[in-house]
Amino acid sequence: MSIRIRTTPLTAVALATGLALAAVTPALAGTAATPARPAAATSAQGDPRNVTQRVTDFYGAYIDAVWETEDPAAGADAKALRNFYLSASARKKVTAWEKKNHADGILFAQNVPVKWKVAYTGSGMGHATSRVTLTWSDGKNPEVTRIDVQSDLTTRKITDLKPAE
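Here goes a summary of the coordinates provided.

Basis of the calculations
Residues numbered from 1 in each chain as written. Predicted model: local features only at pLDDT ≥ 70, side-chain atom pairs only at ≥ 80, totals over all residues. Heavy atoms only, no water. Pairing = 2+ DSSP bridges. Helix = DSSP H or I, 4+ residues; strand = E, 2+ residues; numbered from the N terminus. Axes fitted to C-alpha atoms, helices over the stretch in contact; angles between N-to-C directions. Contact = heavy atoms within 4.5 Å. Patch = residues over 30% accessible without salt bridge, like charges linked within 9 Å, V, L, I, M, F, W, Y side chains within 5 Å. Areas by Shrake-Rupley, 256 points an atom, 1.4 Å probe, with all protein chains shown as cover. Salt bridge = Lys/Arg side-chain N within 4 Å of Asp/Glu carboxyl O. Lys, Arg positive; Asp, Glu negative; His and termini not counted. Charge placed at Lys NZ, Arg CZ, Asp CG, Glu CD. Buried < 20%, exposed > 50% of the residue type's maximum accessible area, 1.4 Å probe, protein only. Phe/Tyr/Trp six-rings, centres within 6.5 Å; stacked < 30°, edge-to-face > 60°. Lys NZ or Arg CZ within 6 Å of the ring centre and 35° of its normal.

### What about the sheet that holds strand β3 (residues 144–152)?
On the basis of which strands lie adjacent, the open sheet formed by four strands has the order β1-β2-β3-β4 and antiparallel pairing. Where the open sheet ends on each side, the last strands, each with one partner, are β1 (115–124) and β4 (158–163). Ignoring which end each strand starts from, the neighbouring axes of this sheet average 20° apart. Relative to β3, strand β2 (residues 127–135) is paired through nine bridges, and the arrangement is antiparallel. Paired with leucine 134 across the bridge in β3 is threonine 145. Seen against the sheet, helix α2 (residues 51–67) touches β1, β2, β3 and β4 and runs at an angle of roughly 155° to β1.

### A word on a negative patch on the surface
Taken together, the side chains of Asp64, Glu68, Glu70, Asp71 and Asp77 present a region of like negative charge at the surface. Structurally, glutamate 68 is set in the loop between α2 and α3 (74–85). With relative accessibility at 41%, the residue glutamate 68 sits in the partly exposed group.

### A closer look at the pattern of salt bridges
For the structure on display, the rule yields six salt bridges. Between arginine 82 and glutamate 98 there is a salt bridge; the shortest N-O distance is 2.4 Å. Here the residue arginine 82 occupies a position in helix α3, and glutamate 98 occupies one in helix α4 (residues 88–101), the gap between them amounting to 16 residues. By the burial criterion, arginine 82 is buried, and glutamate 98 matches it. Arginine 131 is paired through a salt bridge with aspartate 148; the nearest N and O atoms lie 2.7 Å apart. Residue arginine 131 is located in strand β2, and its partner aspartate 148 is located in strand β3; the two are separated by 17 residues in the primary sequence. Residue arginine 131 is classed as partly exposed on the basis of its relative accessible area, which comes to 27%.

### Some details on the packing of aromatic side chains
Summed over the entire model, instances satisfying the criterion amount to five aromatic pairs. Ring centres 5.3 Å apart and planes at 75° place the aromatic pair phenylalanine 58 and tyrosine 59 in the edge-to-face group. The pair phenylalanine 58 / tyrosine 59 is uniform in exposure class, with both members buried. Note on phenylalanine 84 and tyrosine 85: the rings are 4.9 Å apart at their centroids and 90° apart in plane angle, and the pair reads as edge-to-face. Judged by its relative accessible area of 45%, phenylalanine 84 is partly exposed. Given a relative accessible area of 12%, tyrosine 85 falls into the buried group. A connected cluster of aromatic rings, assembled from ring pairs, spans Phe58, Tyr59, Tyr62, Phe84 and Tyr85. One Lys or Arg, lysine 157, reaches over the ring of phenylalanine 84 and ends 5.0 Å from the middle of that ring.

These results come straight from atomic positions and should not be treated as a statement about function.
Written out as structure tokens, the structure reads:
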């Protein structure tokens with residue numbers, strides 16, 4: 001009888017330890033199996049009244065949508081973003097450019113950039129201009145292109161896009 005009393009607590013401790021290891025092991029294995037990428041501390045804020053911020057929001061969401069080629073909703077999302085952020089005349093111009101060049105008329109390319117940034121470059125006559133810088137690769141000397149984006153200050157819609165010279 002005394003042997004049974006001693007083995008029962010020992011069995012319970014061994015069982016609990018085994019269950020804890022079984023629960024922790026997949027979690028630890030999952031972290032080792034995913035590619036390690038340094039986490040950057042990021043902070044974001046916005047103002048829907050600021051046209052440069054809206055260009056930033058558009059390009060961020062648009063690039064996310066076209067990046068996700070596996071997601072069946074991505075194409076519809078990209079189209080919806082165009083309809084929301086671009087004026088009708090800008091959409092027509094983009095469509096014409098795409099038909100002529102067989103590439104994406106928002107990115108002026110067939111690929112999707114890995115990074116992007118937007119900077120205010122000036123305003124006048126009811127419009128603001130932003131410069132979008134697209135980075136196409138990582139590394140020491142990444143390829144970069146720039147796009148000048150014009151926005152209406154009243155509607156905050158993008159009214160024109162063109163490769164920067």
